[in-house]
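Coordinate inspection notes
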Amino acid sequence: MSSIIPAPILGLPWRVIFILTALVCCGATVLYSAAGGSFTPYAGKHLMRFALYLAMAIIMSRLPLEFWKKITFPAYAITLILLIFVEITGQIGGNSQRWINLGFITLQPSELMKPVLVLATAWFFDRLPANRINSFDVFLPMAGLLILPCILVIVQPDFDAAIVFAFCVIMVGFLAGLPLKYFLIGGAGAAVLAPLVYFFGLRPYQQNRVLIFFNPESDPLGAGYHIMQSKIAIGSGGLFGKGFMQGTQSHLDYLPEGHTDFVFATMAEEWGLVGGLVIIGLFYLLMRWCIQVSLKCNRRYGKLIAMGMTCTIFFYIVINLLMAMGLFPVAGIPLPFISHGGSSMLTIMICIGIIMSVDRHPGTRQGQFG
Amino acid sequence: MKQERPVSSAQQEFTFTRRTMFVGGVQAAFGLLLAGRMAYISVAENEKYKLASESNRVNLTLVPPRRGWFIDRYGKPIATNRADFRVDVVPDRLVDQDATLAQLSRLLSLTPDDMERITREIKTAGGFQPVQIAAGLDYESYSKVSVRLPDLPGVSPRQGFSRYYPSGAAVGHLIGYVGTVSAEEYKKDKNPLLITPGFKIGKDGLEKMFEGSLQGAPGAKRVEVTARGKIVRELTTKEDTPGKPVQLTIDIDLHNYTARRLGTESGSVVVFDTLTGDILAMVSMPCYDPNSFSDGIGRQEYKWLREDDHKPLLNKSLQGLYPPGSTLKPMVAIALQQNGIDPEETVYCGGGYRLGNRVFKCLGTHGAINMPNAIMKSCNTYFYAMGNRIGYDKIAPVAKLLGLGQEFDLPFPSQRYGTVPDSAWMKKKYDKVWASSDTLNATIGQGYMIASPFQLALMSARIASGRNLIPNIIAGKRKAPDFLPFLPEHLALAREGMNRVVNSAGTGARSRLPFPDIKMAGKTGTAQVRRIEGSQRGQSGAWKYRDHGLFVCFAPVEEPRYAAAVVIEHGLGGARAAAPVAKDVLTFLYDREKAMAALTALEAGWGGTIEERMARNLANFNAPPPVSALASVPVPASAPKNEPTASAANATTGNSER
């Protein structure tokens, strides 16, 4: 690394920093309103955390890709231990606690597990000889990586997290070039399995969530209430919204979780369709940057981790927005950079930091076409 | 790409790029889907969701209209509205009913009787109908509930108006009371006003009959509320239109005085204005307190009222029927004269009248006695003899002309009209021939003859004025009533007889008015409750078998202005129980201070005012004091318990049903 001052500053990934800052500022604005016109308790912390995590991500961007390979399995082991730890303390405390309070931040190990799984799967496919990709036994290590974390989160019970874990691993596998037929067969299998999982795998409250998703009006005072109120908030915002600080759904508490899971509805009520399109546009720019990084990278490992992280971030965004607009059952997944909450922002910023690291270390072109 | 071929890293890179582009495409598709969906919700469905958001935010509540007042003939309030704080619950919105009620009970210190009423009403209410927890609260209790509202879903404290009857129990039977709308009433008319907390409708008496004009039109209040029901601010308010007041002919001061004057007795007093037929007072005591009925009465209090042998739930003025006894004699005197009997003709009273082999007794031995003196002394022998001479079929039309047995169009939901028997009636009702003995009994107001205190007062007023007075309870100008088809000298003689009753050596001589220039004329009556058996004359023994005391009167004698009837149930005799009440009531019309002095002395002996006595009796009923303590508490004469309803008592009153 050069020690001359202007170079590191010039070398910062300004484009993504700009996009992220814009998103976080949008988030802070919404959170300021959600707190009734105050930086406490949400907006101020939101901005401070972002500053801290951005610094962390910039430091991460300086680390070579070999570093990520090296820490992959220690990180996997530590996160597993943390998952077991919350499970045990939760059992002792008699509640299904999913986080560890570190004082300045509450750490949710299942969140940290997501980038770790991406790293681990990418590490495996990077090492896998190219001609072995078609053999069926590649699924064994993938399953091996997944099995413990999934069991640990399902007993919490946090079924959503298990699905995200599987999604992370499968996406990396897909990008690494696993034969397409598996995905076609898997897709068909999922269509067959879904009803079976619904009836035998889901707990009643989860079944209920799915039912209500298909007909939210059936339970306007119960679980369907969230979806209804979110749609009312978005729909009543109209083209330009009710104006900053003028949202009635959020300020009069009709919208539940207006600062976390349903932050998008809070925003849309006050800023309307225009505000929503700005947020969606910023996410589009972010995703485009992430995909460009992975395409530009000349190393298979770099490509895989960058794209794996991208998919993880995208998964958060899309599930949250689908839920807010009533296209997906209620799931406790926050909207990256907008929702208040430290643990998920940490996860996302770790993802961003790793993508920055890939951006900074694209490697030289290799192979016979080079 | 065919999976079976060996794969090079270059091919893998190509695959990666292709699949990344695919993933990017899927992501972009999701982005477009989301943007489209959002545009659809916020633009195409904007109207729908705007409405939903407004209906979330704005809570429209009806403001129950203030009920029209009842005022007396001078404009004094009889029934008003009192601003108060109240707490209701809407059963459907209760999350944990038991916990919420327990907390309310603690906060408002509710009694077990209240709690019993609340749980009963919650069960019978339609779920959406509010049930009153408490009304008439002070600000402190109201705010105690208000600040805990977020923890008490379904509870609604509010400021409103409740019906208030300043006279309390005195006007219960006259005015009736109000109450919350029952589930059946709401089913008939799905007006949302009916289930607005604090809204009450008339349930009995005039409150019920004048519901239409008293009700008024509700106001409305639009308030911004949070999801938990907390009011953020008021948006707009439309004032309610209060109901129209109803002015009665009642003189409320006289009415209240009369109610108090009845004391611990069970009885009724009706006072008429003899010029107009206006009802100045119509009292039936004891009575429930309409204020506690209107607040929703507790089961224990209701039980206390129902079990009282003085029948506080019965409006005795209009629904109580009594044998009128000797109070009919002035009426009979008019009939006798009409049928050619010379008032100066005498009958010898040797203590009774022999009809066949049976002797009908007189209360005294009056010797030779003419008509006015027969009224004065209440000589049965004279009226037996003369009545038998002309026959009851000649007397009955006069009784009817004076209002007995007649129906009147008064705005009360329930009235009973009594009986004036004659031979045709006997034939129709019992298919029996009218006997002379029936005439004798009817002539002295016993037997089948039966009337309400209201009718007796009207009879007295018609005799006093000679006019066909039509009773009014609603104030208003009316043309002077026509004269009755009686000769003035016939009426004058009946009045002279009544004058002698009080102002000469008559039965009511002890009840003269305390004025040198104003005199009252009257007629006492004593009505048997059961047939005379052996020596028992209804003058002793159990309260419920004692004779009723009656008195009809008017004043002043020369130029009658007021007429009244007093009936004291089981009061032993008209002279003893009823006439003194009439005397004080008429005194009140001329000199309030004098009348109040008499009342104050009496109330000291009775153990306080109506309110004080009722409160003490209810407390005793709820928690009977030990026997030793009972002795020191003045309680009204009570009937022995565990006796079947006397069939003997029905022997005289049994034909009262019509």
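Small disclaimer: the values here were computed from a predicted structure and weren't measured.

1. Description of the overall build of chain A
Looking only at helices and strands, chain A has 14 helices and 2 strands in total. Within the span of chain A, comprising 370 residues, buried residues form 46% of the whole. Of the contacts made within chain A by residues no fewer than 6 positions apart, 72% connect residues no fewer than 24 positions apart.

2. Quick notes on the overall build of chain B
The number of helices and strands found in chain B is 26 helices and 19 strands. Residue pairs in contact within chain B that sit at least 24 positions apart in sequence constitute 74% of those at least 6 positions apart.

3. Some thoughts on the nonpolar core
Counting residues in hydrophobic clusters, the biggest one holds 127 residues, and the most contacted among them are Val270(B), Val271(B), Phe272(B), Ala457(B), Cys553(B), Ala564(B) and Val566(B). By residue number, the principal contributor to this core is helix H22 (residues 574-590) of chain B, which donates 10 residues. Not counting chain neighbours up to four residues away, the residues in contact with Ala457(B) comprise Val270(B), Val271(B), Phe272(B), Val552(B), Ala563(B), Ala564(B) and Ala565(B). With 111 residues, the next largest nonpolar core counts Tyr32(A), Phe283(A), Leu304(A) and Ile305(A) among its residues.

4. A word on the interface of chain B and chain A
The interface of chain B with chain A comprises 38 residues on the first partner and 45 residues on the second. For the side of chain B that touches chain A, the elements supplying multiple residues, two or more each, are helix H1 (9-44) and helix H2 (46-57) of chain B. In terms of residue count, H1(B) provides more of the side of chain B that touches chain A than any other element does, 21 residues in total. A breakdown of the residues in the side of chain B that touches chain A according to their chemical character gives 16 nonpolar, 15 polar and 7 charged.

5. Thoughts on the confidence of the model for chain B
With 91% of its residues at a pLDDT of 70 or more, chain B shows a mean pLDDT of 85. Here the prediction assigns the complex a pTM of 0.67, and the interface score ipTM is 0.92.

6. Comments concerning the sheet that holds strand E17 (residues 521-527) of chain B
Residue and element names in this part refer to chain B. Taken together, the 5 strands give an open sheet; going across it, the order is E12-E11-E19-E18-E17, and neighbouring strands pair in antiparallel fashion. Every other strand in the sheet has two partners, leaving strand E12 (279-285) and E17 as the edge strands with one partner each. Geometrically, the sheet is characterised by an average inter-axis angle of 5° between neighbouring strands, direction not taken into account.

7. Examining the sheet that holds strand E1 (residues 58-63) of chain B
All names here are of chain B. One open sheet holds the 3 strands; their spatial order is E1-E8-E9, and the pairing between them is antiparallel. Two strands close off the open sheet at either side, each with one partner strand: E1 and strand E9 (231-238). Within this sheet the neighbouring strands show an average axis-to-axis angle of 25°, counted without direction. Of the pairings in the sheet, the one linking E1 to strand E8 (residues 219-225) comprises 6 bridges and is antiparallel in character. Within the sheet, the bridge partner assigned to Val63 lies in E8 and is Gly219.

8. Here's the deal with the packing of helix H14 (residues 329-338) of chain B against helix H21 (residues 488-503) of chain B
Residues and elements named next belong to chain B. Running from N to C, H14 and H21 point in directions that differ by 145°, and their axes come no closer than 9 Å. Every pair of crossing elements has a handedness; the one defined by H14 and H21 is right-handed. Note on element contacts: H21 touches H14 through His490, Leu491, Leu493, Ala494, Gly497 and Met498, opposite Pro330, Ala333, Ile334, Gln337 and Gln338. Looking at side-chain class alone, the contact of H14 with H21 contains 7 nonpolar, 4 polar and no charged residues.

9. Overview of helix H3 (residues 39-61) of chain A
The complete set of buried residues in H3(A) reads Tyr42(A), Ala43(A), His46(A), Phe50(A), Tyr53(A), Ala57(A), Met60(A) and Ser61(A). Against helix H2 (14-34) and helix H14 (342-360) of chain A lie the buried residues of H3(A).

10. Things to note about unusual backbone geometry
The linkage connecting Thr40(A) with the following residue, Pro41(A), adopts the cis geometry, with an omega of 0°. Its location among the elements puts Pro41(A) in helix H3. Cis rather than trans, the peptide bond between Ala555(B) and Pro556(B) has omega equal to -15°. Even without being a glycine, Asp253(A) presents a positive backbone phi close to 70°. The residue Asp253(A) is located in the loop between helix H11 (248-251) and helix H12 (263-296) in this model.

11. Things to note about H21(B)
Residue and element names in this part refer to chain B. Between its terminal C-alpha atoms H21 stretches 21 Å, which fits the 22 Å expected from 16 residues at 1.5 Å a residue. Along H21, the residues classified as buried are Leu491, Leu493, Ala494, Arg495, Glu496, Gly497, Met498, Asn499, Arg500, Val501 and Val502. Close packing links the buried residues of H21 with H14, helix H15 (371-377), helix H20 (453-465) and E17.

12. Some thoughts on the packing of helix H13 (residues 300-324) of chain A against H14(A)
For any two helices packed against each other, the geometry is given by the interaxial angle and the distance between the axes. All names here are of chain A. The interhelical angle for the contact between H13 and H14, taken along N-to-C directions, is 150°, at an axis separation of 9 Å. By the criterion of interaxial angle, the relationship of H13 to H14 is roughly antiparallel. Considering only the axes of H13 and H14, their crossing is left-handed. Judged by residue contacts, Gly302, Ile305, Ala306, Met309, Thr310, Thr312, Ile313 and Tyr316 of H13 engage Ile348, Cys351, Ile354, Ile355 and Val358 from H14. Looking at the contact of H13 with H14 residue by residue, the classes come out as 10 nonpolar, 3 polar and no charged.

13. Observations concerning the pairing of strand E18 (residues 548-555) of chain B
Residue and element names in this part refer to chain B. With 8 of its 8 residues buried, E18 lies for the most part within the structure. Residues His548, Leu550, Val552 and Phe554 line one face of E18 and the alternating positions Gly549, Phe551, Cys553 and Ala555 line the opposite face, and both faces are buried. Where E17 meets E18, 7 bridges bridge the pair, whose relative direction is antiparallel. Bridging across to E18, Ala521 finds its partner in Phe554. Adjacent in sequence and paired antiparallel, E18 and strand E19 (residues 562-568) are bridged by 6 residues.

What counts, and where the lines are drawn
Residues numbered from 1 in each chain as written. Chains lettered and ligands numbered in written order. Predicted model: local features only at pLDDT ≥ 70, side-chain atom pairs only at ≥ 80, totals over all residues. Helix = DSSP H or I, 4+ residues; strand = E, 2+ residues; numbered from the N terminus. Buried ≥ 20, exposed ≤ 12 C-beta atoms within 10 Å, placed from the backbone. Contact = placed C-beta atoms within 7 Å. Core = buried A, V, L, I, M, F, W, Y, C linked by C-beta atoms within 7 Å. Nonpolar A, V, L, I, M, F, W, Y, C, P; charged D, E, K, R; others polar. pLDDT = per-residue confidence, 0-100. Pairing = 2+ DSSP bridges. Axes fitted to C-alpha atoms, helices over the stretch in contact; angles between N-to-C directions. Left-handed = near helix turned anticlockwise from the far one by under 90°. Expected span 1.5 Å × (residues − 1). Parallel < 35°, antiparallel > 145°, perpendicular 65-115°, else oblique.

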